[in-house]
Amino acid sequence: MILTPEQQAILDGAKGETMAKVMKTMVMYGDAFEAEKLVPITSKNNHLVTSFGLKVMSPVYDLMQQLLDSGVMSGQKFSVDPRPLDKNVPASFLQNFVFNKIMYTKQDFYEEQLKKLGLLNDDAFTCTCYMDEVGNKPQKGEVLSWAESSAVVYANSVLGARCNRNSGIIDIMGSIVGYVPYFGLLTDEGRKADWIVKIETTKKPEAQLLGSAIGMKVMEDVPYVVGLDKWIGTELDDAACTYLKDFGAATASNGAVGLYHIENLTPEAVEQGQSLIKENAKVYVIDDAELERVYREYPVVWKNKDAEPKLCFMGCPHMSLEQLKSWTDKVEAALKEAGNKKVVIPTVFTAAPKVLEQFNKTDYAARLKATGVITSYICPLMYMNNPLCKKMPVITSSNKLRTYTSARYYTDDEILVAITKGGNK
Amino acid sequence: MKEFKGRVVTPGTVTAKAVVSKQGFNTLASMQMALQFGDKQTKCGDQNNPDINGKPLCGAALCLPQTIGSTTGGLVLYCACAMKRQPACMLFANHIDSLAAAGAVLADVWVDDITMPVIDCLGDEFLDYVKDGMTVTVKEDGTVVVE
């Protein structure tokens with residue numbers, strides 16, 4: 001890698017030993033991809049993936065403390081993934097004990113570290129930092145040092161920013177030195193599509209199921225999706241962006257997709273069309289039968305596969321304002337049809353604190369509360385990642401949550417029936 | 001016995017028994033629960049990966065195509081190394097991905113007294129040949145001997 005004189009001086013220790021190690025980390029990271037150079041980060045703000053004060057992750061907090069003690073601060077402020085705890089979310093006495101006394105005992109300590117490192121504000125805890133209400137929304141072409149797979153794939157694909165699938169810690173180290181290695185999704189060549197995915201379904205495909213199918217097929221490659229505009233339109237309006245948020249999160253968690261192009265919809269596909277597709281790109285056709293096959297092959301890890309669900313999580317990644325409103329309408333209508341006044345399974349809708357703040361200003365908030373649905377800023381994944389929850393039959397329409405926990409996936413329609421009418425589906 | 005030549009991402013030499021994932025290795029799903037709840041063998045907890053689910057990863061020669069999933073992957077790997085519960089080596093059939101690379105580099109730069117050789121670009125033939133329990137030796141120059 002060729003470094004500028006300034007970068008080389010940092011690597012040689014001109015700004016201290018810790019800064020030299022941070023630079024060494026970024027150089028070695030780039031060398032692993034034969035990156036020729038480091039390029040400046042141009043986004044206003046950063047986004048970090050590590051939001052949780054898990055006792056077992058103390059090596060991370062020790063490293064953060066080293067950075068703080070050495071005074072090697074980033075010039076950028078940042079948002080960060082959702083908090084792992086919220087007392088509004090139903091939990092047993094034992095769960096609360098495990099969460100507060102065993103697992104997340106470092107939460108307050110780590111949040112203090114985050115504030116010192118440059119946290120945007122106390123409400124900047126969300127995986128959907130790019131939402132208008134939150135305000136950490138990069139511009140097209142900006143270079144980022146973000147982590148959080150669902151945010152990275154959204155920033156690249158829907159916003160046209162440029163960011164690799166950086167890991168936690170690398171996210172803040174890039175921001176501290178102000179540079180990231182130039183490779184992969186930062187380059188024009190790296191943004192070209194290796195796959196053509198043809199959508200040939202007879203109805204609008206479920207976003208989370210479609211994303212899962214594509215992620216598992218293409219892994220870390222870039223897919224160019226043809227035929228989806230028929231179902232979600234050619235305008236990046238609220239509904240389309242919400243769809244792509246959920247679709248992208250599933251591609252990134254069920255595979256390792258960092259960028260997708262949707263023909264006639266996402267910015268680079270609109271500008272460059274099929275010239276984005278590499279020669280000899282592979283083809284994957286998705287029809288109703290393929291989605292059904294993918295769905296049926298998900299393992300069910302509940303001890304009792306016929307157990308009655310004890311909890312439902314919606315919002316991994318966090319729900320948009322549009323989603324909260326449309327689900328309020330759907331839950332109300334389904335309850336009325338079922339002759340029920342409140343949801344029959346404890347149900348939590350999660351969203352960014354700033355999105356919830358806006359939602360609470362609308363009349364939808366009182367209506368949703370009347371249905372018994374709880375709203376929260378929590379990270380469902382962090383809530384579920386413990387042996388107690390493994391024994392708990394939790395349902396979700398999030399394919400990301402399904403992938404990382406014992407939560408069982410159902411389509412949106414099935415979830416709606418389950419929470420308003422009952423049964424395990 | 002067969003020899004494969006890969007690219008050295010982080011150097012070192014080691015001999016260990018192979019644990020083989022034919023599909024993408026989801027670092028968060030595989031390691032988080034084990035690290036969190038004190039499993040010293042770091043048994044894989046990824047229900048979606050039947051190849052390795054339930055198998056001990058600590059001290060194993062982890063053979064895989066690439067890692068996938070959450071961008072916490074690199075820091076989970078870094079934590080495993082800092083806690084001395086990491087695989088003996090990681091051997092990638094494909095080019096290493098950005099998350100595994102981050103974990104390997106972070107461990108190399110920031111953790112003292114740790115060696116986890118990481119070799120990539122070993123090719124599909126490597127993953128076809130190596131089976132669970134085979135003895136794998138990693139040499140300094142990126143040569144991997146499987147027997």
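Rules and cut-offs
Residues numbered from 1 in each chain as written. Chains lettered and ligands numbered in written order. Predicted model: local features only at pLDDT ≥ 70, side-chain atom pairs only at ≥ 80, totals over all residues. Heavy atoms only, no water. Helix = DSSP H or I, 4+ residues; strand = E, 2+ residues; numbered from the N terminus. Buried < 20%, exposed > 50% of the residue type's maximum accessible area, 1.4 Å probe, protein only. Contact = heavy atoms within 4.5 Å. Areas by Shrake-Rupley, 256 points an atom, 1.4 Å probe, with all protein chains shown as cover. Rg over C-alpha atoms; globule rule 2.2 N^0.38 Å. Lys, Arg positive; Asp, Glu negative; His and termini not counted. Charge placed at Lys NZ, Arg CZ, Asp CG, Glu CD. Buried area = accessible area lost by both parts, 1.4 Å probe. Salt bridge = Lys/Arg side-chain N within 4 Å of Asp/Glu carboxyl O. Nonpolar A, V, L, I, M, F, W, Y, C, P; charged D, E, K, R; others polar. Expected span 1.5 Å × (residues − 1). Polar contact = N/O pair within 3.5 Å; in protein donor to acceptor, adjacent residues only side chain to side chain. Domains from an automatic or database assignment. Core = buried A, V, L, I, M, F, W, Y, C linked by side-chain atoms within 4.5 Å.

Turning our eyes to something else, we now look at the overall build of chain A. In terms of helices and strands, chain A carries 19 helices and 13 strands. Scored against the burial criterion, the 425 residues of chain A give a buried share of 61%. In chain A, of all internal contacts separated by at least 6 residues, the share reaching a separation of at least 24 is 78%. For chain A, the computed accessible surface area is about 16300 Å², with 50% contributed by carbon and sulfur atoms.

All right, on to the overall build of chain B then. When its secondary structure is counted, chain B shows four helices and 10 strands. Mapped from its N terminus to its C terminus, chain B presents α and β elements in the order β-β-β-β-α-β-β-α-β-α-β-α-β-β. What you see for chain B is a C-alpha radius of gyration of 13 Å, in line with the 15 Å of a compact globule of 147 residues. If one aligns the C-alpha atoms of chain B with their principal axes, the spans along those axes are about 40 × 35 × 25 Å. Within chain B, the proportion of its 147 residues that are buried is 65%. Looking at chain B alone, contacts between residues at least 24 apart form 81% of all its contacts between residues at least 6 apart. Looking at chain B as shown, the accessible area adds up to about 4800 Å², and 50% of this sits on carbon and sulfur atoms. Averaged over its 12 positive side-chain charges, chain B has a centre that lies 5 Å from the centre of its 16 negative ones.

Let us look at the interface of chain A and chain B. Every contact between the two is made by 53 residues of chain A and, on the other side, 40 residues of chain B. In total, about 3700 Å² of surface goes out of reach between chain A and chain B, with carbon and sulfur atoms giving 66% of it. Looking only at chain A, the three residues that lose the most surface to chain B are M28, V56 and Y404 of chain A, adding up to 14% of its buried area. Taken together, chain A and chain B are joined by one salt bridge. Where E34 of chain A meets R7 of chain B, a salt bridge forms, and the shortest distance between an N and an O atom there is 2.7 Å. For the side of chain A that touches chain B, the secondary structure elements donating two or more residues are helix 2 (17–31), helix 3 (58–70), helix 7 (170–177), helix 10 (238–254), helix 16 (380–384), helix 17 (387–390) and helix 18 (399–404) of chain A. Looking at which element gives the most residues to the side of chain A that touches chain B, the answer is helix 2 of chain A, with eight residues. Tallied by class, the residues present in the side of chain A that touches chain B amount to 28 nonpolar, 16 polar and nine charged.

All names here are of chain A. Of all nine residues that make up helix 6 (residues 149–157), nine are buried, and the element is covered over most of its length. All of the buried residues in helix 6 are S149, S150, A151, V152, V153, Y154, A155, N156 and S157. The inward-facing, buried residues of helix 6 abut helix 10, helix 11 (267–272), strand 9 (311–319) and helix 18.

Before going further, it helps to examine the pattern of salt bridges. All chains considered together, the criterion is met by 21 salt bridges over all chains. In this structure, the salt-bridge partner of R296 of chain A is E292 of chain A, at a minimum N-O distance of 2.7 Å. A residue pair is termed a helical-turn pair when its members lie 3 or 4 positions apart in one helix, as R296 of chain A and E292 of chain A do in helix 12 (residues 288–296) at four residues. Judged by relative accessible area, which is 38%, E292 of chain A ranks as partly exposed. Note that D132 of chain B and K55 of chain B form a salt bridge whose closest N and O atoms lie 2.4 Å from each other. Here D132 of chain B, found in the loop between helix 4 (124–129) and strand 9 (135–138), pairs with K55 of chain B, found in the loop between helix 1 (27–36) and strand 5 (61–64); they are 77 residues apart in sequence, far enough to count as distant. When its relative accessible area of 37% is taken as the criterion, D132 of chain B is described as partly exposed.

Moving on: helix 3 (residues 98–110) of chain B. Over its 13 residues, helix 3 of chain B extends 18 Å from the first C-alpha to the last, a length consistent with the 18 Å expected when each residue adds 1.5 Å. With a side-chain oxygen lying 3.2 Å from the backbone nitrogen of L99 of chain B, the N-terminal cap of helix 3 of chain B falls on D97 of chain B.

Residues and elements named next belong to chain A. Looking at chain A, the domain boundaries give domain 1 (5–186), domain 2 (190–296) and domain 3 (311–421). If you average the C-alpha positions of domain 1 and of domain 2, the two centres end up 27 Å apart. Contacts between the two partners involve 19 residues from domain 1 and, on the opposite side, 20 residues from domain 2. Counting each side, the surface lost to burial between domain 1 and domain 2 is near 1500 Å², with a carbon and sulfur contribution of 62%. If you sort the residues of domain 1 by the area they bury against domain 2, V153, S157 and V158 come out on top, with a joint share of 33%. For the pair domain 1 and domain 2, the interface holds one salt bridge. A salt bridge links K140 to E271, with the nearest nitrogen and oxygen atoms 3.2 Å apart. Remark: the boundary between domain 1 and domain 2 carries seven residue pairs in polar contact (both at pLDDT 80 or more). Classifying every residue of the side of domain 1 that touches domain 2 gives nine nonpolar, seven polar and three charged.

A separate point is the side chain of Q47 of chain B. Along the chain, Q47 of chain B turns up in the loop between helix 1 and strand 5. Not counting the four nearest positions on each side in its chain, Q47 of chain B is found in contact with P299, V301, R402, T403, T405 and S406 of chain A together with N53 of chain B.

Below, the discussion takes up the nonpolar core. Residues F313 and Y383 of chain A are the most contacted members of the largest nonpolar core, which totals 106 residues. Of the residues forming this core, the biggest block, nine residues, is contributed by helix 3 of chain B. Both domains that furnish three or more residues to this core are identified here as domain 1 (5–186) and domain 3 (311–421) of chain A. Apart from the residues lying within four places of it in its own chain, the contact partners of Y383 of chain A are P84, V89, P90, A91, Q95, F99, L311, F313, I378, C389 and M392 of chain A. Residues C129, C163, V331 and L335 of chain A belong to the second largest nonpolar core, which totals 70 residues.

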